[in-house]
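# Working through the structure, step by step
Okay, here's what each chain looks like letter by letter:
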Amino acid sequence: MSAPAFRITYQRFSDVRDDVAQMTKGGLLVRVGDVSGLDLHAAVTIELVFPDGKAHAANVQVLHVLAGHGVAVTVTPDLVEAARRASGQDAGSSPARHERVDRAQPSAAPPAAPPPAVERTAKPVEALSQAEKIQLALHGNRDQRNAILRDNNRVLHQYVLKNPQITTEDVLAIAKNAQMAPELLKLIAERKEWFQRPQIAVALARNPKTPGEVAVRALEYCSIDALRQMAKGTGVMPHVAQAARKKILK
């Protein structure tokens, strides 16, 4: 019997970059409905197909089985490097397709709604397992997402950005929050539909936790009034104030 095998087919390089950020933490969530026969540490195969048609496969292991949502697997250094090297023009606008390919029929994408057991649980977030917290981050409501963002395990925070219910207002609140990790703020900047919004760009430029290069790049999408305020140096990092002054003087 062949080992379980999964394939993720990307059409957008932004999705590849999102998953690279996830993979650098040591794992990758494959969103498939069929997780039958999978156990912790079971050997599986994962294949990534990039928008330019190039593919890379690796033998990995199961980290978590999330019934109704998919399976989290380990990643290898060469798999991460292949994803990092992927670049070019997007092949389309559709989201990545996640499949289980060792079955006769491809697995359907998991339902967007959270499983009733998670939605109705009376347990506080602190008492949930990591697998349950990932489910909550991916499919929970605003209060549940905010609870995940307060969790000390910052690896969980990136899953909040993948929640289909998240709004630009939610992203703006995260961008303003100086308690967020630099890696999470960088992930926001990698999504053009968020980064190029003036309010979010200003929030990232002002947030002291935003990586320096990202904060300066955010100035490209800030209004002239916002640039003048930041050029004064009040409430911003020195390198941001200096870059804002240079932009005004151009």
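The coordinates are above.
Described below are features of the structure shown in this document. (Residues numbered from 1 in each chain as written. Predicted model: local features only at pLDDT ≥ 70, side-chain atom pairs only at ≥ 80, totals over all residues. Heavy atoms only, no water.)

Mapped onto the elements of the fold, Asn 177 is located in the loop between helix H7 (168–176) and helix H8 (182–189). Classification of Asn 177 as partly exposed rests on a relative accessible area of 29%. For the pair Asn 177 and Leu 204, spaced 27 residues apart in sequence, the C-alpha separation works out to 9.2 Å. (Helix = DSSP H or I, 4+ residues; strand = E, 2+ residues; numbered from the N terminus. Buried < 20%, exposed > 50% of the residue type's maximum accessible area, 1.4 Å probe, protein only.)

This paragraph deals with H7. Buried residues of H7: Asp 170, Val 171, Leu 172, Ile 174 and Ala 175, and no others. Residues of H7 that are buried make contact with helix H5 (142–149), H8, helix H9 (192–195) and helix H10 (198–206). (Contact = heavy atoms within 4.5 Å.)

If you look at the biggest cluster of nonpolar residues, it comprises 51 residues, and the most contacted ones within it are Ile 188, Leu 204, Leu 219 and Met 230. The element contributing the most residues to this core is H10, with 6 residues. Setting aside chain neighbours within four positions, we find Met 230 in contact with Ala 205, Arg 206, Leu 219, Cys 222, Val 236, Val 240, Ala 241 and Ala 244. Within the second largest apolar cluster, 28 residues are counted, among which are Leu 28, Val 30, Val 71 and Val 73. (Core = buried A, V, L, I, M, F, W, Y, C linked by side-chain atoms within 4.5 Å.)

Enumeration according to the criterion identifies 1 cavity of 30 Å³ or more in this entry. For the largest cavity, the calculated volume is near 70 Å³. Lining the largest cavity we find Asp 18, Gln 158, Leu 161, Lys 162, Leu 187, Arg 191 and Trp 194. (1 Å grid on protein atoms, 1.4 Å probe; cavity = no way out; pocket = protein on both sides within 12 Å on 5 of 7 lines; lining within 4 Å. Points joined across faces, edges and corners; volume = space filled by probe spheres on them.)

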